[in-house]
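# Tertiary structure, described
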Amino acid sequence: MDLLLINWAVFTEKLILIIAVVSGSLVIAMYSTYAERKVAAILQDRKGPNRAGPFGLFQPLADGLKLFFKEEIIPNFSSKFLFILGPCLAMLTAMMIGAVIPWGNMLHFFGRNISLQIADVNIGILYVFGVVSMGVYGIMIGGWASNNKFSLFGALRAASQIISYELAMGLALIALLMVTGTLSLKEMVGQQMDSYWNFFKQPLGFLIFLICAFAECNRTPFDLAEAENELVGGYHTEYSSMKLGFYLFAEYINMFLSSAVMVSLFFGGYDIPFLNDTALITKIGVNWVTIIQSVILFMKIAGFLFLFMWVRWTIPRFRYDQLMNLGWKILIPLSLFNMMITGALILLKQNHWHF
Amino acid sequence: MQALTNRVKVVSRKPMTFWERMYLPAIFKGMAITFSHIFKKDPTISYPEQKRPFSPVFRGLQILNRDEEGRERCTACGLCAVACPAEAITMEAAERQPGQEHLYREEKYAAKYEINMLRCIFCGLCEEACPKDAVYLSETFAPSNFQRKGFIYGKDDMLIPDPKQDPEGYKKALGSRAKHPEGHGNEH
Amino acid sequence: MSVTQILFWFLSLLAVGAAIGVIASRNPVYSVLWLIVVFFAISGHYILMNAQFLAIVNIIVYAGAIMVLFLFVIMLMNLNAEAEPAKHLYLKMAGLISGLCLLIVFVAALSGSAEAKNVGQLGGSNIGLIKNLGRALFNDYVIPFEISSVLFLSAIVGAVVIGKKE
């Protein structure tokens, strides 16, 4: 039987890693809802959730429980299959990004080197793009299947917004790819460990990428798809119970994983700042260094999550035409400009111009 | 045009400079402002654990007072009901029987004394009208209820504890408004 | 059967079934969704042939961008089964015959070619990886590549002109 010729060690290793990443991102998404409320409260001189458990730490559990026990309503004139498919797709595409992110270097157990990346595919970052471009279907299908004008408006807004900002995001990324010369996230992180972080090589690219990441995650200033005061609830107006919870959850998972992508691309991934990692490995061993690196990675991600929340409670929502102007007339020319400058500098460097 | 006050602010309609049109400096400024709020003290009072003290002139739910021997002061004269602008107070008088001297201070007492807390506007006129210092506005407010009849407070809701049996409870229920428990508090 | 073969048959059946779903659905929105499934199945085939770059570009461009726009337009038009104009029986027949002719042409063209016989070997090659693809595009096929980029440029200019009209 050829079927059984699977390398079982690799299989179990990857299976454990997948379970860890999926449940990890779920837990982090859960607690980012708590963090969001807490950060909002602190920025607004309030207390935030503090009743459920110490410091309100069980609040996400209480919220989840509430969502599960609410009545599930499927509108009569909706296409039921698509109505259920919508939130599933949103959740699925949100989780899939985690597969290519290097969560750490490698662990050495049982005489095996275990890479802390689920799949080091050679298209790396393009895979992230593919999955992100799929993410819009969850919103579109859900919005259309609700058979509600407001939902449809939200869905259309989301679709056009995500498509518009994906372009600028891709163009900003091309400049980065010209610098790194690889698509694999693991290799990019490896390059940043030896030299400067890509942020210092591509500051403009990072800014564009950051803005586009906000837009792709449907976060405030770009949360037009669910603008409460214009569209009731946007694409999830008709949703209730855990199907609504899935949409809200997917947003937080997206936030977490896009922070992870940004950290890996621009801020050295699991690189420990101001420290020579290879020298540290010889001192305290691979496993400990990997654990420290993962902790550092998560700290960087937490920083980005805080940035997401900080921006949400500072900057008001765009108007729709402003959004489109920003995307098409500012970010895309800017990223093209960034690409040209980067190309020129690389060419000069290759021809031994020292500056 | 001549401005009526000196508070007029002239709106600048100049086209924005390049620096302003970049928006990023303004965004960073705004983010710095929100960030500075992290270090500010929040004014919240976490209610059930912490309570804000009532102001000395706060007028809450009525109480029916007792004298120092624990007898009801109310004599059912009806002056409070007359004074009440919301007509929230009703009462029925009864004659004190021999042997009830330890219960009622005067020879006429209120057999029934009801205040509709939904009508009451907590103006305190009943307190001022009372010649016997029998009714006072305390420092509590009516808790919520599911039914209207729950807001009609009778004598057993409003009578304060006996000072001889429960001096602590008496003092607490009396509050700080009844300054002269011996009477004549409102006459000067 | 090896895993690769099982996957091949699964993806092929998925692609054909979803393609039938595209033309059989009464509601155009379902047609678009079936078409997306077809694209995914085709991307799966690309991956089986170790052409990961083509697979992901197929998903990004077709499933991620073009189909979103299709869906966008169809959702806005609010087409449904009742709004569909009744087609003549002869028209349906003509469509069937021309479609079958196209199929026969494809089968005839591919069955005789040398490429069809070494499909199995494609799995081991690295021709679809991004490095090799880039090298091939910029060395062997520079002129067609640049010509197609000029075509794209003209399309962009055309889009801007149409957008600026009012």
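Analysis parameters
Residues numbered from 1 in each chain as written. Chains lettered and ligands numbered in written order. Predicted model: local features only at pLDDT ≥ 70, side-chain atom pairs only at ≥ 80, totals over all residues. Domains from an automatic or database assignment. Contact = placed C-beta atoms within 7 Å. Axes fitted to C-alpha atoms, helices over the stretch in contact; angles between N-to-C directions. Helix = DSSP H or I, 4+ residues; strand = E, 2+ residues; numbered from the N terminus. Parallel < 35°, antiparallel > 145°, perpendicular 65-115°, else oblique. Left-handed = near helix turned anticlockwise from the far one by under 90°. Nonpolar A, V, L, I, M, F, W, Y, C, P; charged D, E, K, R; others polar. Buried ≥ 20, exposed ≤ 12 C-beta atoms within 10 Å, placed from the backbone. Pairing = 2+ DSSP bridges. Core = buried A, V, L, I, M, F, W, Y, C linked by C-beta atoms within 7 Å. pLDDT = per-residue confidence, 0-100.

## Some thoughts on the domain arrangement of chain C
Taken domain by domain, chain C consists of domain 1 (1-83), domain 2 (85-123) and domain 3 (129-166). Each of domain 1 of chain C and domain 3 of chain C has a C-alpha centre, and the two are 25 Å apart.

## Points about the arrangement of the chains
Contacts between protein chains span 2 pairs of chains, and they are most numerous for chains A and C. Contact between chain B and chain C is absent, and the least distance between their C-alpha atoms amounts to 24 Å.

## A short note on the packing of helix α4 (residues 125-145) of chain A against helix α3 (residues 52-77) of chain C
Where α4(A) meets α3(C), the axes come as close as 8 Å, and the angle between the chain directions of the two elements is 20°. It follows from the interaxial angle that α4(A) and α3(C) lie roughly parallel. Considering the relative orientation of α4(A) and α3(C), their crossing is left-handed. Every residue of α3(C) that contacts α4(A) at A:L126, A:Y127, A:F129, A:G130, A:S133, A:M134, A:V136, A:M140 and A:W144 is listed here: C:I56, C:I59, C:I60, C:A63, C:G64, C:A65, C:V68, C:L71 and C:M75. Grouping the constituent residues of the contact of α4(A) with α3(C) by class yields 15 nonpolar, 3 polar and no charged.

## With respect to the interface of chain C and chain A
Of the residues lining the interface, 17 residues belong to chain C; the matching set on chain A comes to 19 residues. Among the elements that line the side of chain C that touches chain A, the one with the most residues is α3(C), at 12 residues. Looking at the side of chain C that touches chain A, its residues break down into 14 nonpolar, 3 polar and no charged.

## Points about the environment of A:L85
Residue and element names in this part refer to chain A. If you trace the backbone, L85 turns up in helix α3 (residues 80-96). Take L85: there are 18 C-beta atoms within 10 Å of it, and that puts it in the partly exposed class. Along the sequence, L85 and I114 sit 29 residues apart, while their C-alpha atoms lie 35 Å from each other.

## Regarding the packing of helix α1 (residues 8-43) of chain A against helix α12 (residues 286-312) of chain A
Residue and element names in this part refer to chain A. As a packed pair, α1 and α12 sit with axes 10 Å apart at the nearest point and diverge in direction by 50°. As judged from the angle between their axes, α1 and α12 are oblique. Seen along the crossing, α1 lies across α12 with a hand that is right-handed. Between α1, through S32, A35, E36, V39 and A40, and α12, the contact on the second element is made entirely by L305, F306, M309 and W310. Broken down by class, the residue content of the contact of α1 with α12 amounts to 7 nonpolar, 1 polar and 1 charged.

## So, the pairing of strand β3 (residues 108-116) of chain B
Residue and element names in this part refer to chain B. As paired strands, strand β2 (residues 89-95) and β3 are joined by 7 bridges and run antiparallel to one another. Along β3, the bridge assignment pairs M91 with Y113. For β3 and strand β5 (residues 152-153), the ladder comprises 2 bridges, and the chain directions are antiparallel. Considered in β5, the bridge of I115 is made with Y153.

## Comments concerning the nonpolar core
All names here are of chain A. In this structure, M140, C212 and F256 are the most contacted members of the largest nonpolar core, which totals 119 residues. When residues in this core are grouped by element, the largest group, 16 residues, is from helix α5 (residues 149-180). Apart from residues lying up to four places away in sequence, F256 is in contact with S25, I28, A29, S32, I301 and L305.

## Observations regarding the confidence of the model for chain C
Residues and elements named next belong to chain C. Averaged over all residues, the pLDDT of chain C equals 81, while 84% of them reach at least 70. The weakest mean pLDDT in chain C belongs to helix α5 (residues 119-122) at 51; the strongest belongs to helix α7 (residues 142-164) at 89. Confidence estimates for the predicted assembly give a pTM of 0.79 and an ipTM of 0.79.

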